Amino acid sequence: MATVVERDTVQGGQPSIPATEPEARPERLPLGPIKTVHVFWLAGMSCDGCTVAVAGATNPGIEGLLLGVVPTMPKVILHHTVLSVEAGEEFIQPFKDAWEGKLADPYVIVAEGSIADERIAARTGGYFSAMGTEVLSSGGNSCPVPSAEWISRLAPGAAATIAIGTCATWGGVPSAEGNPTGAMSLMDFLGKDYRSAFGLPVINIPGCAPQGDNFTETVFAVLLFLQGLGPLPAFDELGRPAWLFTETVHRGCNRAGYYEEGVFAKNYGDPECLIELGCWGPVVNCNIVKRGAMNHMGGCMEAGGVCIACTMPGFPDKFSPFYKEPPGGVFSTTLSKGTGAMIRRARRLSNRHANSEVRWDKLNAVPSGWANVKGASPTLKMMEFFYKKWQFWGAKSPGRPKGTEERFWGVDRPGGTDDYLDNSSAREDARDGR
Ligand code: SF4
């Protein structure tokens, strides 16, 4: 038989109301160590490429964040249409709890894909992208809930709102010229005045697909800040992590040396700078070559492909047609071909000089069994003489004090037998003395 439990009656009155209202603060949630954080991943007009990229992140990897084993990080509970094991109502319920303020822990929203203007689809009774179903009006049918609706519901209460990938950050391919769905970025959708519950505007991590570590590293930095354990990371005026997107990809490109020397690839597969094949790298904010596509490997130009500016707000329209040399490139390559021709030749001589031991210079012979490497020509020797004069002008040059003879140990030594401790000046002498 069931036992009836009497509920205690709460005694006492309401707490006293303070005489003055607290000062308005941009943060509506307390800062402090957070044990658990929910991440609601909302997909709009996307190809899921961002998800694939983040799944490949290594520094830190999402496994560590999900297991709660990354030092100083809260355990991340990820709600993701592809990666979550829950389905149906069980999957949707935490989204509703977050919207209704019933979650015990703070949450972050991540938007992948651009946000369609659902009013266009609604005119014909449809939708562009949605998740879950609801009866939206009394007595009505169950309808899919557009992703845009979920973003409107969850963004105001989110501790941070992050746009991942170029579609979510700038509109990307779905918002290209023509744009039948009215697709737009998260910034455009939420507006200039949007601030998260912790007072942050939208954080943008662009790329098509983005570099996975750029995302996890930024989430890491933001979570440190939200926990009160670190400063607010530096973001640029468009909400990009400044330490990742301030430099152009060209500055970190492994082919930039060829550009400087005015040497350009004519065909795919050539090792030189790809600008004449349509690379936009000199004007694109991206770190893909420095960081690699995944686990420090690959990356567009590293793998032989031109930069088509997929991280930029103007992508794709401002960078089309792809694989055609940009007009600015024609101008700058013409200049660098002129200066590069001179620099290249001077460097070739310096490189020849640097590729010789001091001892070989003295002997004027290179003891290599791989090839018949010739000693320096008289012209090169003369150039080396003046080069060294300039190099050590006002500085101490290496070697023994002036006037004392230099000594070499080994075979084929210059000088006479009196110059060496074992009285030998050549291989034969050394052998005879043994
Ligand atoms: Fe710059 Fe592109 Fe050439 Fe690399 S391939 S050096 S990014 S122009």
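Residues numbered from 1 in each chain as written. Predicted model: local features only at pLDDT ≥ 70, side-chain atom pairs only at ≥ 80, totals over all residues.

Colleague: Help me get a handle on the overall build of the chain, residues and values and all.
Modeller: A count of helical and extended segments in the chain gives 15 helices and 7 strands. The burial tally for the chain puts 31% of its 434 residues in the buried class. (Helix = DSSP H or I, 4+ residues; strand = E, 2+ residues; numbered from the N terminus. Buried ≥ 20, exposed ≤ 12 C-beta atoms within 10 Å, placed from the backbone.)

Colleague: Lay out helix 5 (residues 147-154) with the relevant residues and their values.
Modeller: Listed in full, the buried residues belonging to helix 5 are Ser147, Ala148, Trp150 and Ile151. Looking down the long axis of helix 5, one finds its buried residues gathered within 160 degrees of arc, a one-sided arrangement. (Arc of directions from axis to C-beta.)

Colleague: Before we move on, could you go through the nonpolar core and cite the residues and values that matter?
Modeller: Ranked by internal contacts, the top residues of the largest apolar core, which has 84 residues, are Val108, Ala160 and Cys307. If you count residues domain by domain, this core takes at least three from each of domain 1 (36-135 + 142-241) and domain 2 (247-355). Setting aside residues no more than four positions away along its own chain, Val108 makes contact with Val37, Val39, Ala158, Ala159, Ala160 and Ile162. (Core = buried A, V, L, I, M, F, W, Y, C linked by C-beta atoms within 7 Å. Domains from an automatic or database assignment. Contact = placed C-beta atoms within 7 Å.)

Colleague: I'd like a description of the site of the ligand, backed by residues and values.
Modeller: Around the ligand sit 14 residues in total, of which His250, Cys253, Cys273, Cys279 and Gly281 are the nearest. Grouping the amino acids of the shell around the ligand by side-chain chemistry returns 11 nonpolar, 2 polar and 1 charged. (Near = placed C-beta within 6 Å. Nonpolar A, V, L, I, M, F, W, Y, C, P; charged D, E, K, R; others polar.)

Colleague: An account of unusual backbone geometry is needed here, citing residue identities and associated values.
Modeller: Glycine aside, the phi torsion of most residues is negative, and most peptide linkages are trans. Following Asn59, the chain continues to Pro60 via a peptide bond in cis, the omega torsion being -5 degrees. Among the structural elements, Pro60 can be located in the loop between helix 1 (49-55) and helix 2 (62-67). Of note, the bond from Ser320 into Pro321 is cis; its omega dihedral lies within 30 degrees of zero at -5 degrees. For Asn179, which is not glycine, the phi torsion reads 35 degrees and is therefore positive. As for its position among the elements, Asn179 is in the loop between helix 6 (165-170) and helix 7 (186-190). At Ala309, a position not held by glycine, the phi torsion is positive, near 70 degrees. Within the secondary structure, Ala309 is located in the loop between helix 11 (288-291) and helix 12 (327-354).

Colleague: Break down helix 3 (residues 88-99) for me, with residues and values.
Modeller: Here helix 3 contains 12 residues, and its C-alpha end-to-end distance of 17 Å stays within 8% of the 16 Å for a straight helix at 1.5 Å per residue. Note on helix 3: the residue one or two positions beyond its end, Gly101, has a positive phi of about 75 degrees. (Expected span 1.5 Å × (residues − 1).)

Colleague: Requested: an account of the environment of Leu274, with residues and values cited.
Modeller: Counting through the fold element by element, Leu274 comes out in the loop between helix 10 (256-260) and helix 11. When the 27 C-beta atoms within 10 Å are taken as the criterion, Leu274 is described as buried. In this structure the C-alpha to C-alpha distance between Leu274 and Cys307, which are 33 residues apart in sequence, comes to 8.6 Å. Not counting chain neighbours up to four residues away, the residues in contact with Leu274 comprise Arg255, Ala265, Cys279, Met301 and Val306.

Colleague: Explain the sheet that holds strand 3 (residues 107-112) to me, and be specific about the residues and the numbers.
Modeller: In spatial order, the strands read 2-1-3-6-7; together these 5 strands make up an open sheet with parallel pairing. At either end of the open sheet lies a strand with only one pairing partner, and these are strand 2 (75-79) and strand 7 (203-205). Ignoring strand direction, the axes of neighbouring strands in this sheet form an average angle of 25 degrees. Pairing analysis gives 5 bridges linking strand 1 (residues 36-43) to strand 2, with the strands arranged parallel. Within the sheet, the bridge partner assigned to Phe40 lies in strand 2 and is His79. Packing against the sheet, helix 3 makes contact with strand 1, strand 2 and strand 3, and its axis sits at approximately 110 degrees to strand 1. In the packing of helix 5 onto the sheet, the strands contacted are strand 1 and strand 3, and the crossing angle to strand 1 comes to about 150 degrees. (Pairing = 2+ DSSP bridges. Axes fitted to C-alpha atoms, helices over the stretch in contact; angles between N-to-C directions.)

Colleague: Run through the packing of helix 12 against helix 14 (residues 378-391), naming residues and quoting values.
Modeller: When two helices pack together, their arrangement is given by the angle between their axes and by how far apart the axes lie. Where helix 12 contacts helix 14, the two axes come as close as 11 Å, and the packing angle between them is 90 degrees. Looking at the two axes, helix 12 sits roughly perpendicular to helix 14. Residue-level inspection shows Leu349, Arg352 and His353 of helix 12 in contact with helix 14, the latter providing Leu380, Met383, Glu384 and Tyr387. Considered class by class, the residues forming the contact of helix 12 with helix 14 number 4 nonpolar, 1 polar and 2 charged. (Parallel < 35°, antiparallel > 145°, perpendicular 65-115°, else oblique.)

Colleague: Talk me through the confidence of the model for the chain; I want residue IDs and the actual numbers.
Modeller: The share of residues in the chain with pLDDT of 70 or more is 84%, and the mean pLDDT across the chain is 87. pLDDT under 50 marks residues 1-12. Its contacts with residues more than four places away, or in other chains, come to 0 contacts. When the criterion is pLDDT under 50, residues 27-31 qualifies, and its contacts beyond four places in sequence or with other chains add up to 9 contacts. (pLDDT = per-residue confidence, 0-100.)

Colleague: Could you give an account of the environment of Gly44, naming the residues involved and the relevant values?
Modeller: Residue position: Gly44 is located in the loop between strand 1 and helix 1. Remark: the alpha-carbon pair of Gly44 and Met131, spanning 87 residues in sequence, is separated by 9.5 Å. Each residue touching Gly44, except ones within four places of it in the same chain, is listed here: Ala111, Gly113, Ser114, Ile115, Ala116, Ser129, Ser147 and Ala168.

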